[in-house]
Each structure stands twice: as C-alpha cells, then as structure tokens.
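Coordinate analysis (summary)
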Amino acid sequence: MNKLFFAPMALAAGLLTGCGNGNSSSTASGADTASAKTATPAALPAVASFNGSADGQPTTLYLLKNSGKNQAAITNYGARVVSLLTPDKNGVLTDVALGYDSIGLYLHQPETFFGAIVGRYGNRIAKGKFKLGGKQYTLATNDGPNHLHGGKKGFGAVVWTGNQLNDSTVELSYLSKDGEEGYPGNLKVTVRYSLTGEGIGVGNGLRIDYTATTDKATVINVTNHTYFNLNGQGSGTINNHLLQLNADRYTPVDSTLIPTGKIDPVAGTPFDFRQATAIGSRIDADNQQLKYGKGYDHNFVLNPGKDSLNTAAKVTGDLSGIVMTVYTTQPAIQFYGGNFMKGANPLKGGKKDDYRGAFCLETQHYPDSPNEPAFPSTELKPGQVWHSTTVYSFGSH
C-alpha cells in the first residue's frame, strides 16, 4: 500500500461549500454546518420497527457489534445498512450512515438507495442496452436515457434471505432470476456483513464480502450505496470533510453521466484528491465535468496496490474527528457528493437529508463497462465465482 496515502490529514477550515440549489451560496463555516456536539450517544433503531413485509416477504433487522465499539443495523430489505455507529474523537457513539427508522419509510420515501445493495449492475449502462455473446439485451431506462443501479426494481428493492451467523456477522442471499430487469442468467448473490474488531486485518470497521454465480453468461457490478456523514447523519454539510482518493485517473462523463470512454489524469483538475482536500473547496470551479454532475458524481480509477485489499479512500469528519478508510478488491470507486439531495426524506431521529448532507464511496467496476471494451470486463460466466470485498474501517483523532 502507498504509505504516502496514510499521511495525517490536517483539519483545514475556512474552505468554501457548494451552492445549495444553484441560486445561492454559503461559506463552509455558515449556518448549514451543524454543531458536532452530541448530547447523547446514537443508538440503533428498534428491531420491532422493521418487523413488516415487502412483496409478501417478511422483513427484519439484524443488530451487529464488535470489540472496537462499532455497531451496525442491517435489514434484509435490500440487504441494506440502516445504521453504522462508531465513536467520535470524544468517544461518543455517532451514527455515520443515513437511513430511516422503520421498514415503512424505506418502502414509501422518495430516496430508495440509502444503505442498499445495488445491482445486478450498479451505476449506469448507456441507453439501457448492451451486447453479450453476440446478443443484445435491453434494460429499463430509469435514469433519463440510461439504466441505473439494476433498473426499476434492483437489488435494493427486494427482500433477501438473512442468516445472522454470530454477534458480528450476518449473511444475506438473493436469487436474481433469468430475465429479471432484462439481465440474462439465474444469478445467485450472497452478501456478508461483518463488524471486524481492532487488530484484525484492516479491522475496526464494516467488512462486506460479495459472492455470485450464474448459469448463463451475464454482467455484474454489485456494490453498496451507503450515504455517509462522518459528523453524524443529518448533521449538515459534508463539504468540509477532508477526502483523499488513491486515484491518479478518473473517467470523464457526458451530459447524461455516461463515461466517454476516456481515462483522464486528475492532475490539474478539481478531481485531484490525491492529497487530503476539503470536498467543497473546488465544487464551484468552472469545470464542465462538475457542471454535468452538479458536483461530484464520478468514477475514479484506483492506483494498483501491493495487497489484495487496496487502499481506495480516506475521509475525515471535520467536526467529529472520525476517520474512515476504505479498502477494496475492486478497480474503481464512485465518489458522489450528495448533489441531488433535497431534504425530502425524514432520517432517523427526525433529521433531514439536506443538500450535500452526505457522500457515497461505492467500490465498483467502471460504469457502462459492458459497452466499453477497453474497460475492465464485468462479464461473469457459468462455472466462475465472482467475489469482491470492501472494508470501511473507522478510527478518530
């Protein structure tokens, strides 16, 4: 791993945030930044609030804990992260994952991706079409002209079969049938969430292990879509969080956020996060890529690492002192800066998902890879086992 990537990240202040709705702007030290002080430690949601059903299948909530004082709540609806608790610099448990208090809210709120596993193909496929084995497949176009996160009913909108293996581990599985959302092959997917303890590998965090097999050639790009705010969910802007990405290159997009096929250097652009930089410091730069995404919503190509779990990103909460390091076996990571958040969803504890009030770091293959032969392949064939691991590791300073 790149030792320089672990250099201490100074908590810089006084950097500018992005514009709230394109009509006004505010400084990072302004009213949209909430106080980091928390009167009481965060707590996991009540299990009873998730005892319901979706599509006639029972839903539930699994509670996890580890020796590093982290806690998590996982629901089998969408195999999603509902809460992720970790101590801040003062030892106060802080919920850093956005989500809802009950299964009913997940079923009936506008935002459907909070914490979800997305697939069969996470991210975008141009015009909802791709060819495989000489045959063209047509998918739903649920993001303008393009296919996004598996379609109208992706993996985040189905009930998975869950099995809690121990206090710190739950395993969830789902069979995506041949033809579901237009994809070929019966795809068997297993996602295992584990809260790893201190001193265990890259421990003290949430480990996600993905496994999949198919009976017919298909494409796959499954990932997790947790929205993070390291100052605590619903606590204001993430524009002052310090972000570092282990990426010299990224894939620029067109006006519909589909990669152009180019892989460009980040040097000299607002996409250069090779050194720890406040997320919002360049968000208003006169840059066409930022205009297309209304901010950051781009795929970064990770620099190769010496270890199987490569360092992908490091983020520091400016108020909480919580540090999250992301490790992955995947070749890329999507950084999304909450540009389309509108405060329309009631978060846990009555808080709101305000504009740029969270970020996502989705480990993945490149968007639209099935239509870009030069990108790493996402094809999975019968007899092969697709496996991926991502770890979100936590500390504080």
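The shown structure was predicted, so the numbers you read here are calculated from the model rather than taken from an experiment.

Criteria and cut-off values
- Residues numbered from 1 in each chain as written.
- Predicted model: local features only at pLDDT ≥ 70, side-chain atom pairs only at ≥ 80, totals over all residues.
- Heavy atoms only, no water.
- Helix = DSSP H or I, 4+ residues; strand = E, 2+ residues; numbered from the N terminus.
- Buried < 20%, exposed > 50% of the residue type's maximum accessible area, 1.4 Å probe, protein only.
- Contact = heavy atoms within 4.5 Å.
- Pairing = 2+ DSSP bridges.
- Axes fitted to C-alpha atoms, helices over the stretch in contact; angles between N-to-C directions.
- Salt bridge = Lys/Arg side-chain N within 4 Å of Asp/Glu carboxyl O.
- Polar contact = N/O pair within 3.5 Å; in protein donor to acceptor, adjacent residues only side chain to side chain.

1. Topic: the environment of glycine 154
- Tracing the backbone through its elements, the reader meets glycine 154 in the loop between strand S11 (147-148) and strand S12 (161-166).
- Given the relative accessible area of 8%, glycine 154 is considered buried.
- Every residue in contact with glycine 154, bar those within four places of it in the chain, is listed here: Gly119 and His149.

2. Description of the sheet that holds strand S6 (residues 93-95)
- Here four strands make up an open sheet; going across it, the order is S3-S4-S5-S6 and the pairing antiparallel. Edge positions in the sheet fall to strand S3 (61-65) and S6, since each has one partner strand and no second. Strand-to-strand, the axes of this sheet are offset by a mean angle of 20°, without reference to chain direction.
- Where S3 lies against strand S4 (residues 71-75), five bridges are found, and the strand directions are antiparallel. Paired with leucine 63 across the strands is alanine 73, a residue of S4.

3. Observations regarding the pairing of strand S18 (residues 242-245)
- Residues Leu242 and Gln244 of S18 are buried on one face, and the alternating residues Leu243 and Leu245, pointing to the opposite face, are buried as well.
- Where S18 and strand S21 (residues 277-278) come together, two bridges link them in antiparallel fashion. Of the residues in S21, the one forming a bridge with leucine 242 is alanine 278.
- Here S18 runs beside strand S23 (residues 310-316); their pairing, made up of four bridges, is antiparallel. Note that in S23 the partner of leucine 242 across the bridge is threonine 316.

4. A word on the pattern of salt bridges
- Within this structure, the stated rule accounts for ten salt bridges.
- Here aspartate 95 and lysine 348 are joined by a salt bridge, their closest N and O atoms 2.8 Å apart. One end of the pair, aspartate 95, is in strand S6; the other, lysine 348, is in the loop between strand S25 (332-336) and strand S26 (360-364), and 253 residues separate them in sequence. Residues aspartate 95 and lysine 348 agree in their burial class; the two are buried.
- Note that lysine 291 is salt-bridged to aspartate 286, the shortest N-O span being 2.9 Å.

5. Topic: the side chain of threonine 328
- With respect to the helices and strands, the residue threonine 328 is situated in strand S24 (residues 322-328).
- Judged by relative accessible area, which is 0%, threonine 328 ranks as buried.
- For threonine 328, the side chain forms a polar contact with the main-chain oxygen of threonine 389, separated by 3.3 Å.
- Not counting chain neighbours up to four residues away, the residues in contact with threonine 328 comprise Leu302, Ser308, Leu309, Asn310, Ala312, Thr363, Thr389 and Thr390.

6. Describing unusual backbone geometry
- Cis rather than trans, the peptide bond between glycine 119 and arginine 120 has omega equal to 15°.
- Summarising the element assignment, arginine 120 is placed in the loop between strand S7 (116-118) and strand S8 (124-125).
- Even without being a glycine, lysine 294 presents a positive backbone phi close to 55°.
- Assignment of secondary structure puts lysine 294 in the loop between helix H2 (288-293) and strand S22 (297-301).
- What makes lysine 294 exposed here is its relative accessible area of 51%.

7. Things to note about the sheet that holds S18
- If you walk across this open sheet you meet the nine strands as S12-S13-S14-S15-S28-S24-S23-S18-S21, and the pairing is antiparallel. Each end of this open sheet is capped by a strand with a single partner; those strands are S12 and S21.

Function cannot be read off these values alone, since they describe shape.
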